[in-house]
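Notes for the structure review
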Amino acid sequence: MYLLRPAAYNVRRIVPNGLRTMAGQADPLTDLKVDNDGVAILTMQRMPVNSLNLDLLQDLSNSFDEVAKNKTRAMILTSASPTVFSAGLDIMEMYKPDLKRAEAFWSTLQEVWLKLFGANFITAAAINGHSPAGGCLLSMSCEYRAMVAGKYSIGLNETALGIIAPPWFMDTMCHTIPMRQAELALTTGKLFPVDEALKVGLIDEIATDKDDAIAKCKAFIKKFDRIPPLARSITKLSIREGPLKRLQATRKEDVAEFIKYVGNPKIQQGLEMYIQAMKQKAKK
Amino acid sequence: MYLLRPAAYNVRRIVPNGLRTMAGQADPLTDLKVDNDGVAILTMQRMPVNSLNLDLLQDLSNSFDEVAKNKTRAMILTSASPTVFSAGLDIMEMYKPDLKRAEAFWSTLQEVWLKLFGANFITAAAINGHSPAGGCLLSMSCEYRAMVAGKYSIGLNETALGIIAPPWFMDTMCHTIPMRQAELALTTGKLFPVDEALKVGLIDEIATDKDDAIAKCKAFIKKFDRIPPLARSITKLSIREGPLKRLQATRKEDVAEFIKYVGNPKIQQGLEMYIQAMKQKAKK
Amino acid sequence: MYLLRPAAYNVRRIVPNGLRTMAGQADPLTDLKVDNDGVAILTMQRMPVNSLNLDLLQDLSNSFDEVAKNKTRAMILTSASPTVFSAGLDIMEMYKPDLKRAEAFWSTLQEVWLKLFGANFITAAAINGHSPAGGCLLSMSCEYRAMVAGKYSIGLNETALGIIAPPWFMDTMCHTIPMRQAELALTTGKLFPVDEALKVGLIDEIATDKDDAIAKCKAFIKKFDRIPPLARSITKLSIREGPLKRLQATRKEDVAEFIKYVGNPKIQQGLEMYIQAMKQKAKK
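This text gives an overview of the structure that appears in the document. (Residues numbered from 1 in each chain as written. Chains lettered and ligands numbered in written order. Predicted model: local features only at pLDDT ≥ 70, side-chain atom pairs only at ≥ 80, totals over all residues. Heavy atoms only, no water.)

Side note on the relation of the copies chain A and chain C
Aligned on chain C, chain A shows an RMSD of 0.0 Å; the corresponding rotation is 120° and the shift along the axis is 0.0 Å. Taken together, the rotation and translation relating the two chain copies correspond to the operation of a three-fold axis. Measuring from the rotation axis to each C-alpha of chain A, the shortest distance belongs to A:P178, at 4.2 Å. (Least-squares fit on C-alpha atoms with pLDDT ≥ 70 in both.)

This is the structure we're talking about:
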């Protein structure tokens, strides 16, 4: 991968704000490079499973801004983990949260989605491993998805965890696969094996490995070589206008809904049980 | 089928209101049992073809309430007829109707749909025979459809009878099959043979007989064994919110539209011709 | 083709207004005949490629009115060109346009779409050649599409020309093919070869030649032989209500958007380059 852009762009960005420090995070949570095709490769590297906590979400939000600011034509989102694209929202952000942080967490998740689903630049996901819940949301928000073959799965499985995917998660899925399939998948919390994901249209192509997934994303991006970028991006945002406007108009209510949700003792009880089970599993 | 619930629930309910008596109906119009899986089986038995008159609609509306009140996790809708799931709306409710009754008829049909399409519990249809018009609406309002193989058909064939399916019938179809297919089906009044219904997505599975259809519905219901019911139902209602809100906001206008329709002399003339033709056919 | 209707209908209509004269157009831009099935065949014949300029659009708008006024049950739209259905909007209407004419041009395009997408009569397109951009819009606005096999293509390729398809173009495509496919097609400006167009659902059938395409359209129209026309048309308009209302509510803003667009020096520069390139190509 050849570094085309000036150093200030290609090297890791400075820590964007105090929150990363606050969380005591030292290593960069993502890696952002621009290769010789002018395509930005944004790699999530919050090990082990790219759980989307506030810090990773803020890093993603800032990274999208950088890609936009540098007028990079396209961005491929992928993971540094060999088996997980992203495990979705970090459950620890929901377990007995500080109110301010919980608000920032959800609001930043909204921002990440608004910036990614509504990106002016071309977006594609090289899904090199499991992609449940929030991981699926990120990949569905891109314009193209190549997923590595293997025993991985992808889907909005929120209901299986007793959680409810907010309307904009649903909108994003209905933008990708038929309504009927979306209802079935959302209510059953279905995680699609790779071949089923292709069949239903949740992904566009199956890749042999991560490099192949990135190559397939680049082949998609290449389709726009002769398409004037402004016409392309206005057209994209026009067809995505409905879901974007819907969240923009209800951001506050959507945060309030999340705060109400995490404040529910039953939900906290469920999360505690889940965390205990995870800890038991980890001990073995 | 083992009766799990207390007698007050499993035996036939008392006649819910005066209207059933008014119509001179003695036999119960539906049978409602809960089996040992905790699944309610609601069998329409207004012979010979489960025409949806006011009485059957009120029975269905009450039955849905009972299923909800008893917190039964799931309901399978089927028919006692060997060849007909439901023939749809009873044309006699539209032919020279009493105004009050016509209003009650349409309003109850709205209620039946709002309760079934918007049910908190899991819903599935074991379609053991013909399922035109209102019969198709009932089955599409469920979350899953298994249809018995045979020379049966299913579809919203209203236009073929010179009738117009109201917007919420259309919404229900567009929630089930792609818009393009819905437009073709609705304008041509298409009744899909079983195999075509499967292909277009109007049904989910083909069953060998009624028992198999019920078994297939139960296999669908089993998918929710580990899904927290509240997360499931909120998710379902969220994705069905659009059509539900649309009718809720226009119930009065929708009843007025029906009253205007049945008050149209041309429509009455058409119905009279249709009824005469049926009578002639019956004589042969 | 047998002329069933009175001469006043079957002969070419008088020039509908001053604008045709203004444009110095002498030959009729369309041919409208009603055959012995009561089906109107409307043939675009603005040679060589049926570019949709103001005159052809006004002719189409008037022709739709005539079909409606004469209560012809169905209309098939086709082209007199052996290789092009319609090349889409005439770029000369956008290049350094007179403001008044540009407003009339866009407003008439809106009218053509509102009348065709919202036609009471049955509509089908016999697509006998290339059908890009506006040509694709016209055919998608019909209820059925049979396309002649060959090296032709169809699609909304606006982005490829640096142009943005307005929301109602997009609505029309989303009414025809799945959202996911529409987004891919619209952003990449994809022109579908005939077989791919069939696969994605952009056309309904492949025909061997123009006569076969018309025959296939007639077979579609025949499906409505026993469907009461009023029920059919109300049902059609009901399912098409969303896109129709959306444009009706925003016609002025939509014209203003077009005027702003053609007033943009960059767009004019792009058009000039395109026109020069076409001229160079024509010289060779």
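Now that the structure has been shown, the text picks up again.
Notes on the environment of B:D209
All names here are of chain B. Among the structural elements, D209 can be located in the loop between β11 (205-207) and α9 (210-222). Along the sequence, D209 and A146 sit 63 residues apart, while their C-alpha atoms lie 9.9 Å from each other. Of note is the side chain of D209, whose polar atom sits 2.8 Å from the backbone nitrogen of D212. (Helix = DSSP H or I, 4+ residues; strand = E, 2+ residues; numbered from the N terminus. Polar contact = N/O pair within 3.5 Å; in protein donor to acceptor, adjacent residues only side chain to side chain.)

Description of the packing of aromatic side chains
Applying the stated rule across the entire model yields 27 aromatic pairs over all chains. Ring geometry for A:W113 versus A:F117: centroids 4.8 Å apart, planes at 15°, classification stacked. One end of the pair is A:W113 and the other is A:F117, both in helix α4 (residues 99-117) and four residues apart, which spans about a single turn. Note on accessibility: A:W113 and A:F117 belong to one class, buried. A ring pair is formed by B:F220 and B:F224, whose centres lie 5.3 Å apart and whose planes are at 85°; its orientation type is edge-to-face. The burial state of B:F220 is the same as that of B:F224; both residues are buried. An aromatic cluster of at least three residues, connected via ring pairs, comprises A:F105, A:W106, A:W113, A:F117, A:W168, A:F169 and A:F258. The ring centre of B:F224 lies 4.8 Å from the NZ or CZ of B:R232, which sits over that ring. A cation over a ring is seen here: C:R240 above C:F117, with NZ or CZ 4.3 Å from the ring centre. (Phe/Tyr/Trp six-rings, centres within 6.5 Å; stacked < 30°, edge-to-face > 60°. Buried < 20%, exposed > 50% of the residue type's maximum accessible area, 1.4 Å probe, protein only. Lys NZ or Arg CZ within 6 Å of the ring centre and 35° of its normal.)

Focus on the interface of chain A and chain B
The partner chain B presents 21 residues to the 17 residues of chain A that form the contact. Both sides of the chain A and chain B interface together cover about 1,600 Å² of buried area, and 65% of this is carbon and sulfur. Connecting chain A to chain B are three salt bridges. Put simply, A:R180 and B:D204 hold a salt bridge, and the shortest N to O gap is 2.8 Å. Our count for the chain A to chain B interface comes out at four residue pairs in polar contact (both at pLDDT 80 or more). Among the elements of the structure, α6 (167-174) and α7 (179-188) of chain A are those that each provide at least two residues to the side of chain A that touches chain B. Grouping the constituent residues of the side of chain A that touches chain B by class yields 10 nonpolar, four polar and three charged. (Contact = heavy atoms within 4.5 Å. Buried area = accessible area lost by both parts, 1.4 Å probe. Salt bridge = Lys/Arg side-chain N within 4 Å of Asp/Glu carboxyl O. Nonpolar A, V, L, I, M, F, W, Y, C, P; charged D, E, K, R; others polar.)

Topic: the packing of α4(A) against helix α5 (residues 133-141) of chain A
Residues and elements named next belong to chain A. Direction vectors running N to C along α4 and α5 enclose 25°, while the axes themselves pass 8 Å from each other. With respect to α5, the element α4 is oriented roughly parallel. Counting all contacts with α4, which are made through V112, W113, L116 and F117, the residues of α5 involved are L137, L138 and S141. Looking at the contact of α4 with α5, its residues break down into six nonpolar, one polar and no charged. (Axes fitted to C-alpha atoms, helices over the stretch in contact; angles between N-to-C directions. Parallel < 35°, antiparallel > 145°, perpendicular 65-115°, else oblique.)

Remarks on the interface of chain A and chain C
Taken together, the contacts link 21 residues of chain A with 18 residues of chain C. Both sides of the chain A and chain C interface together cover about 1,600 Å² of buried area, and 65% of this is carbon and sulfur. The interface formed by chain A and chain C holds three salt bridges in total. Measuring nitrogen to oxygen at the nearest pair gives 2.7 Å for the salt bridge that ties A:R240 to C:E183. Ranked by residue count, the leading element in the side of chain A that touches chain C is helix α10 (residues 229-239) of chain A, at seven residues.

Observations regarding the packing of α10(A) against helix α6 (residues 167-176) of chain C
Two elements in contact, α10(A) and α6(C), have axes separated by 10 Å at closest approach and are oriented at 60°. On the basis of the axis angle, α10(A) is oblique to α6(C). Crossing hand, α10(A) versus α6(C): right-handed. From α10(A), A:T235, A:S238 and A:I239 reach across to α6(C), where they touch C:P167, C:M170 and C:C174. For the contact of α10(A) with α6(C), a count of residues per class yields four nonpolar, two polar and no charged. (Left-handed = near helix turned anticlockwise from the far one by under 90°.)

What about unusual backbone geometry?
Residue and element names in this part refer to chain A. For the peptide bond that leads from M47 to P48, omega is 5°, which places it in the cis range. With respect to the helices and strands, the residue P48 is situated in the loop between β2 (39-44) and β3 (51-52). Positive phi is not limited to glycine here, since K71 has a value of about 50°. Take K71: it is sitting in the loop between α3 (54-69) and β4 (74-79). Classification of K71 as exposed rests on a relative accessible area of 71%.

Looking at helix α11 (residues 241-248) of chain A
Residues and elements named next belong to chain A. For α11, the complete set of buried residues consists of P243, L244 and L247. Down the axis of α11, the smallest arc covering the buried residues is 100°, so these residues share one side. Where α11 is buried, its residues touch α4, α6, α10 and α12 (251-262). (Arc of directions from axis to C-beta.)

Thoughts on the pairing of β4(A)
Residue and element names in this part refer to chain A. Taking burial as the measure, the six residues of β4 include six buried ones, the bulk of the element. Side chains A74, I76 and T78 project from β4 onto one buried face, and the interleaved M75, L77 and S79 project onto a second face that is buried too. Relative to β4, β2 is paired through six bridges, and the arrangement is parallel. Bridge pairing links A40 to M75 in β4. Examined bridge by bridge, β4 and strand β6 (residues 122-127) share four bridges and lie parallel to one another. (Pairing = 2+ DSSP bridges.)

Here we look at the sheet that holds strand β9 (residues 153-155) of chain C
Residue and element names in this part refer to chain C. Taken together, the three strands give an open sheet; going across it, the order is β7-β9-β10, and neighbouring strands pair in mixed fashion. Edge strands, defined here as strands with exactly one partner in the open sheet, are β7 (131-132) and β10 (192-193). Of the strand pairs in this sheet, β7 and β9 are connected by two bridges, and their pairing is parallel. The residue bridging P132 from the neighbouring strand is G155, located in β9.

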